[in-house]
Amino acid sequence: MRIILLLLGLLLGQTVVAADALPEDSVYQLRDNFTDQDGREFVLASRRGTPQLVAMFYTSCRYVCPLIIDSAKAVNHELGPDERAALRMLLISMDPVRDTPAVLRATADQRKLDSQRWTLAQTGKDSVRRVAALLGVRYRELNDGEFNHTSALVLLDADGRVLARTEQLGSKPDPAFMDQVHAALAKPGAKTMPDLSTKN
């Protein structure tokens, strides 16, 4: 009887693992640790369950990176209340040395980004390279500490697969990209979260 129970336990365990297994092309396969603007550590897979808008940036960037944030906010403003409550934003720094959690928190406060929906995160330099490759973001650190980099918004589905991307930045979101965002948020099963602010 003990052997039968053990076998049943193993079979049930395998079923759970299979049900929870990430797709092979999921960005969430990356197991590196990230730290958010409040000093909390997480892995990307912990964000599974709802679509994500992801971009890479660095806080000391004066021109393009603020525009990346503005562009993400513009996408947000195009959404209805229910859609807005179901979409999460993730901004990953490519400059982990300078972009400490305290610096990320200051940027979030300055840009009035709702922490329940916007996560600003940093990770190690090796992890930056890995996540950039998965997102199709090219970057190069310059001698003066600045970065040349791809400026893109990337839409992930609830399982972390890349659905769409756009390098069209500005106050008017890329229409084709917005169609993909609406479609992703219309799929059943996306988790919704309280929308504490419709301004951001």
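Preceding this paragraph is the structure being described.
In this text, all values refer to a predicted model and were calculated from it rather than measured experimentally.

Undergrad: Would you mind going over the overall build of the protein chain with me for this structure?
TA: Looking only at helices and strands, the protein chain has 6 helices and 9 strands in total. Buried positions account for 46% of the 200 residues belonging to the protein chain. When the accessible surface of the protein chain is summed, it comes to about 10600 Å², and 55% of that surface belongs to carbon and sulfur atoms.

Undergrad: Help me out: how do you make sense of the packing of aromatic side chains in this one?
TA: The description of an aromatic ring pair rests on the distance of the ring centres and on the angle between the ring planes. Under the defined criterion, the tally for this structure stands at 3 aromatic pairs. Aromatic side chains Y139 and F147 sit 6.3 Å apart centroid to centroid with 45° between the ring planes, which places their arrangement in the tilted category. For Y139, a relative accessible area of 25% puts it in the partly exposed group. Each member of the aromatic cluster is reached from another via a ring pair, and the members are Y58, Y139 and F147.

Undergrad: I'm lost on the pattern of salt bridges in this one. Help?
TA: The tally for this structure, following the rule as stated, stands at 13 salt bridges. Salt-bridge contacts for R48 lead to D159; the nearest nitrogen and oxygen are separated by 2.8 Å. Placement of the pair is R48 in the loop between β2 (41-42) and β3 (52-57) and D159 in the loop between β8 (153-156) and β9 (162-166), with a sequence separation of 111 residues. For R48, a relative accessible area of 25% gives the class partly exposed. Under the relative-accessibility criterion, D159 is labelled partly exposed at 22%.

Undergrad: Please explain helix α2 (residues 64-77) as it appears in this structure.
TA: For the α-helix, the turn length of 3.6 residues means that residues three or four positions removed from each other point alike. Taking 1.5 Å as the rise per residue, α2 with 14 residues should run 20 Å; its terminal C-alpha atoms sit 20 Å apart, in good agreement. Every buried residue belonging to α2 is among C65, I68, I69, S71, A72, K73, A74, V75 and N76, and all of these are buried.

Undergrad: Would you take a moment to explain the side chain of T166 for this structure?
TA: In this fold, T166 is placed in strand β9. T166 gets classed as buried once you look at its relative accessible area, which sits at 5%. A polar atom in the side chain of T166 sits 3.0 Å from the backbone nitrogen of Q168. In this structure T166 touches S151, A152, L153, D174 and F177, once residues within four positions along its chain are discounted.

Undergrad: What's the story with the pairing of β8 in this structure? I'm lost.
TA: Two faces make up the sheet, and in a regular strand the side chains alternate between them. Side chains of β8 alternate between two faces, with L153 and L155 and V154 and L156 buried alike. As defined by bridge partners, β3 adjoins β8 across 3 bridges and the pair is classed as antiparallel. What sits directly across from V54, in β8, is V154. The turn linking β8 back onto β9 is made up of 5 residues, and G160 within it adopts a positive phi angle of 85°.

About the thresholds
- Residues numbered from 1 in each chain as written.
- Predicted model: local features only at pLDDT ≥ 70, side-chain atom pairs only at ≥ 80, totals over all residues.
- Heavy atoms only, no water.
- Helix = DSSP H or I, 4+ residues; strand = E, 2+ residues; numbered from the N terminus.
- Buried < 20%, exposed > 50% of the residue type's maximum accessible area, 1.4 Å probe, protein only.
- Areas by Shrake-Rupley, 256 points an atom, 1.4 Å probe, with all protein chains shown as cover.
- Phe/Tyr/Trp six-rings, centres within 6.5 Å; stacked < 30°, edge-to-face > 60°.
- Salt bridge = Lys/Arg side-chain N within 4 Å of Asp/Glu carboxyl O.
- Expected span 1.5 Å × (residues − 1).
- Polar contact = N/O pair within 3.5 Å; in protein donor to acceptor, adjacent residues only side chain to side chain.
- Contact = heavy atoms within 4.5 Å.
- Pairing = 2+ DSSP bridges.

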